[in-house]
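# Coordinate inspection notes
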Amino acid sequence: RTRLSQKERLYNKARKSEITTRMKKVFVNASELMAADACTEADISGLETLISEATKSVDKAVARGILHKNTGARRKARMSKYKQ
């Protein structure tokens, strides 16, 4: 049981790390767009793509029980706020 829980812990840790990395990419990209004087439709579509990838990762983690559903909803709301 100890070996199995260690294996699951590493798997869950990798998933959480992936989510954190994807969210950070969204936040960095959004802050760069806010700092810029003008942004094009291509810039905004790039941000939307990053948000959709991060949202997909969060949804998968919630479905598999890695994250609580309220935590997943909070993280998705944070990212969508940056989009606005």
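A brief structural summary. (Residues numbered from 1 in each chain as written. Predicted model: local features only at pLDDT ≥ 70, side-chain atom pairs only at ≥ 80, totals over all residues. Heavy atoms only, no water.)

Moving on, we come to the environment of Ala61. In this structure, Ala61 sits in helix α2 (residues 41-63). Sequence separation of Ala61 and Arg15 is 46 residues, and the distance between their C-alpha atoms is 7.1 Å. Leave out the neighbours within four places in its chain, and Ala61 touches Ile19, Ile66 and Leu67. (Helix = DSSP H or I, 4+ residues; strand = E, 2+ residues; numbered from the N terminus. Contact = heavy atoms within 4.5 Å.)

Moving on, we get to the environment of Asp43. The residue Asp43 is located in helix α2 in this model. Residue Asp43 is classed as partly exposed on the basis of its relative accessible area, which comes to 32%. When the C-alpha positions of Asp43 and Ala30 are compared, they lie 9.4 Å apart, and in sequence the two are 13 residues distant. (Buried < 20%, exposed > 50% of the residue type's maximum accessible area, 1.4 Å probe, protein only.)

This next bit is on the packing of aromatic side chains. Counted under the stated rule, the structure contains one aromatic pair. Between the aromatic rings of Phe27 and Tyr82, the centroid separation amounts to 4.7 Å while the plane-to-plane angle is 40 degrees, which identifies the pairing as tilted. Taken together, the positions of Phe27 in helix α1 (residues 2-35) and Tyr82 in helix α3 (residues 69-83) put the pair 55 residues apart, joining distant regions of the chain. Of the residues examined, Tyr82 reaches a relative accessible area of 33% and is grouped as partly exposed. (Phe/Tyr/Trp six-rings, centres within 6.5 Å; stacked < 30°, edge-to-face > 60°.)

Where α1 contacts α3, the axes come no closer than 9 Å and their chain directions differ by 20 degrees. As the angle between them shows, α1 and α3 are arranged roughly parallel. Here the hand of the crossing between α1 and α3 comes out left-handed. Contacts from Ile19, Met23, Val26, Phe27, Ala30 and Met34 of α1 reach α3 at Arg75, Arg78, Met79 and Tyr82. Per-class residue counts for the contact of α1 with α3 are eight nonpolar, no polar and two charged. (Axes fitted to C-alpha atoms, helices over the stretch in contact; angles between N-to-C directions. Parallel < 35°, antiparallel > 145°, perpendicular 65-115°, else oblique. Left-handed = near helix turned anticlockwise from the far one by under 90°. Nonpolar A, V, L, I, M, F, W, Y, C, P; charged D, E, K, R; others polar.)

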